[in-house]
Amino acid sequence: MTAEFAGEIVVVPHTHWDREWYEPFQRFRLRLVALMDEVLDTMEREPGYHFTLDGQLACVDDYLEVRPENRDRVAALVESGRLAVGPWQILLDEFLCSGENIVRNLELGMARADKLGGAMPVGYLPDMFGHTAQMPQILRRAGLPYACVYRGVPSSVTTDAFAWVAPDGTAIRTQYLPAGGYGNGAHLFEDPDRLVERGAAFVETMRRWHGPDGPLLAMYGTDHSAPVRGLPEMVNGLGARMDTLSGYVTAHPADVEGLPRVAGELRSHARANILPGVISVRAHVKQAMGRAERMVERYAEPLAALWGAEWPGRFLDMAWWRLVDASGHDSVTGCGVDETAQQVAARIAEAEHLGQAVRDMVTARLSASVPSGGMLVVNPTPAARRGVVLLDLAGEDPVVDPAGARVPIQPLEYAPTLLLDEEMDPVTALTFVHGTELYGQQITGWSAEDGVLTFTVARESRLPFDVGQVRGALAGITRVRILAEPRRTVAALVEAPPLGHTSVRPERGGGHASDLPASTLPVGADERVLDNGLLRVEVDRDGTLTLTGAGGVTLSGAGRIVDGGDVGDSYNYAPPAEDRFVFEPESVHVEMVCAGPLVAAYDVWRTYRWPAAGDGIEGTPEIPARSRTEATEEIAVRTRVELRAGEPFVRLSVDFDNRCADHRVRLHVPLPERAAESHAEGQFAVVTRGLRAEAGCGEEPLPTYPASSWVAAGGVAALLEHVTEYELVEDGGELALTLLRSVGYLSRNRHALRPEPAGPQLPTPAAQSRGLRSVSLALMPYSGTWSAVPGAAEVFRHDLLTVAGSGDPSLPLPAPAAGLSVTGDGVVMTSLRAREEWKELRVVALSDDPAEALVTGDFTRARRADLRGRPGDELEVTDGTLRLPLGAWEIATVQLS
């Protein structure tokens, strides 16, 4: 028996640890602690034992938080090479977090592993629902020469190793886990009497993938599996040897010569389910993740690096820990039980709050130099911008910039000035006063005349106030009045320097607002038409939109809402056998919101009757509903259609109260030209996808895909605030964007579009996502290529930030100040932070051709760095300018000082 399989099989004992899934995190952690206790005891008792901890440091960290006394035991096993940990902090979903989140995940995991003896040099990705195109470049630039994957591999791969090639050309040796994935050897030792038989069957299966020579990888483990006592003896009895995954993979040369090549993302259904419905289930969690990542990546860190005092590293670290934790492949995906989703949402909210706190700390520092009554305006993007902001100002005076030039404004709303006017006991009224605060504002004065006690209040007051004087003047008072200073909300067109700030203030003395700059045409609204010279938007009788771009590109029927049944689960969409689609509204009502010249908008109200739920006697988890109920709910969908001066896209905000179950709501956009492919941005790349997905394993290969910040096809782009599921339908004639997918089960044992369960059949009533839902996006017609879309998405996703001035009112407005400018064709900034005495900038070239990033700011030194921040070659800086050459699709990290 020993001779029969000598050297042929390498057994890798491991566990695949879902940190939270069909039970919430803390319940799973109780089981993890028991498992880790068993791992340590077994490995110390049996010196031949090796074990792989699923490629994520979270297993170790979660354990040591409960058993801190066992840290040295873990470290000793890692240092010996018998216990493989890392390189990830968490096993993420690659499509539902930002590229920067992926980088920080590796950074955290590898840094933690280094303290225990080092991470395995393998980008282990065993259970992700597909893989992003740039992962080979990310791994290589983090110092990892190998990858290991399971799901998403196309049918063209017929060997157990292949060269996975990123868009920039980086190729990395990738171990494929065929014939059962990370559990392909899980049953080898179940029956000792059949050991030889099972070994022979395993060898026969794996030789089809591996070829006639070399050892075969047997992944001995599965979800939440513990080590088996006496396993080394059983492995010896089979004539095999035991190792870690790292030991097996790194025994092969890291070069890719002679290996079959696979380029780009891995999202094929040919070899395994990729469960694409996770992209759209629990959409509010994806929205929250997008908000939190933008807050930390593009507001908190860059502002703190450029304009803060002491670097708030601990707060930002806490934010990133929560974002990384939330990115787990059973976390942000929403495919766990409701309790898990609640905890993930809370984690994401904390990350956003931490980012907000850092942002507000920095802007409070800046606003102290802006006189009270004025407004600080901060630009979070690395290019100069002229954009519309909303300002809350006192009075009716025109607005000026630091040079004294009039700023174009458009009044939108006036705050009430009469806050109270009632007969009452004035002593009762004095209980409303807290120090100098009254009704949320500050007291600026008071009078007691003709039986009326009158207070005047404003947002700010530097005048002294003595409530004792008021008490002495209450004789004969029977009425109390509170008057607020006049305030208004205005739209203003402001120019802001790159990653910098400017300010504006009302100018006393009357006068009129200035005209728009000659380069910016006004926006107007008339007869259901919005027009700003760059884009014309007409609201049609059915509530859809006709868009005409400046280049003549026209599309009609945009924004059609389509409701259909979904009797699937959190992993996969499934229509009822007898579906009923609702796309025609019962009524349409259009209201003008504002008419320019900076902002013009309509509210389009459409009323529908949507089926209340799935229906039929088969409407059980075992056999999903075959149809939809005759009972309906009246649903009013409001779409705010907004056009701003100078923007080539129309902003849409779609709101409705979801009172239905078991359905999917999509927004359809007919394309100006029929498209054979789509282009979608995500994780440092733009991926081109066709109209069909590759089939093979049994799961229905629906061509629904994720897009992070935008998707473009056939002459129109949708700009997005969060990862959104899309599909080209009608044979490439329309783009469909999923606004909501409501389902009631984690997994169904019987699923129309998937051959086997994806998890336990557990109810998830909160995944029906009832209640108020709001989705914001923008539509942009374009001609030619999508090259203009990334810049428009930058503007749409990162609004200019306004903060009230808090300085002495006699101060002049401070001069505008630039932070850091990053420009270049196709060049996008993804991160800017402080790292010791350096500022670390990360950019990506979204182009098939080499590019150059022009970086300008207050620095005299520059050097390249890898994705872990380890410094590389020095770069030439001339007069505060760095010309950084970039290869096609290169992710580049530079440090500036």
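Above this text sits the structure in question.
Residues numbered from 1 in each chain as written. Predicted model: local features only at pLDDT ≥ 70, side-chain atom pairs only at ≥ 80, totals over all residues. Heavy atoms only, no water.

## Observations regarding the pattern of salt bridges
One pass over the structure, following the stated rule, counts 60 salt bridges. In this structure, Arg 870 engages Asp 866 in a salt bridge whose closest nitrogen and oxygen atoms are separated by 2.7 Å. Connected via shared salt-bridge partners are Glu 100, Arg 104, Glu 301 and Arg 842. (Salt bridge = Lys/Arg side-chain N within 4 Å of Asp/Glu carboxyl O.)

## Here we look at the sheet that holds strand S50 (residues 877-878)
With respect to topology, 4 strands assemble into an open sheet ordered S44-S47-S51-S50, the strand pairing being antiparallel. Edge strands, defined here as strands with exactly one partner in the open sheet, are strand S44 (820-823) and S50. Pairing of S50 with strand S51 (residues 881-886) involves 2 bridges; the strand directions are antiparallel. By the bridge assignment for S51, Val 877 is matched with Leu 882. (Pairing = 2+ DSSP bridges. Helix = DSSP H or I, 4+ residues; strand = E, 2+ residues; numbered from the N terminus.)

## Comments concerning the side chain of Ser 742
Locating Ser 742 in the fold gives a position in strand S41 (residues 734-742). Judged by relative accessible area, Ser 742 falls into the buried class, the value being 0%. Separated by 3.4 Å, the side chains of Ser 742 and Asn 658 make a polar contact. A distance of 2.7 Å separates a polar side-chain atom of Ser 742 from the backbone oxygen of Gln 768. Apart from residues lying up to four places away in sequence, Ser 742 is in contact with Asp 566, Asn 658, Cys 660, Asp 662, His 663, Ala 767 and Gln 768. (Buried < 20%, exposed > 50% of the residue type's maximum accessible area, 1.4 Å probe, protein only. Polar contact = N/O pair within 3.5 Å; in protein donor to acceptor, adjacent residues only side chain to side chain. Contact = heavy atoms within 4.5 Å.)

## Some details on the environment of Val 529
Turning to its location among the elements, Val 529 is positioned in strand S23 (residues 529-531). On the basis of relative accessible area, Val 529 is assigned to the buried category, the value being 14%. A C-alpha to C-alpha distance of 65 Å links Val 529 and Tyr 248, two positions 281 residues apart in sequence. If we skip the residues at most four places from it in the chain, Val 529 touches Gly 524, Arg 536, Val 537, Glu 538 and Tyr 602.

## Things to note about the packing of helix H4 (residues 99-114) against helix H10 (residues 313-326)
Direction vectors running N to C along H4 and H10 enclose 105 degrees, while the axes themselves pass 10 Å from each other. One way to sum up the angle between H4 and H10 is to call them roughly perpendicular. Facing H4, whose interface residues are Glu 100, Asn 101, Arg 104, Asn 105, Leu 108 and Arg 112, H10 presents Trp 320, Trp 321, Leu 323 and Val 324. Of the residues belonging to the contact of H4 with H10, the class tally is 5 nonpolar, 2 polar and 3 charged. (Axes fitted to C-alpha atoms, helices over the stretch in contact; angles between N-to-C directions. Parallel < 35°, antiparallel > 145°, perpendicular 65-115°, else oblique. Nonpolar A, V, L, I, M, F, W, Y, C, P; charged D, E, K, R; others polar.)

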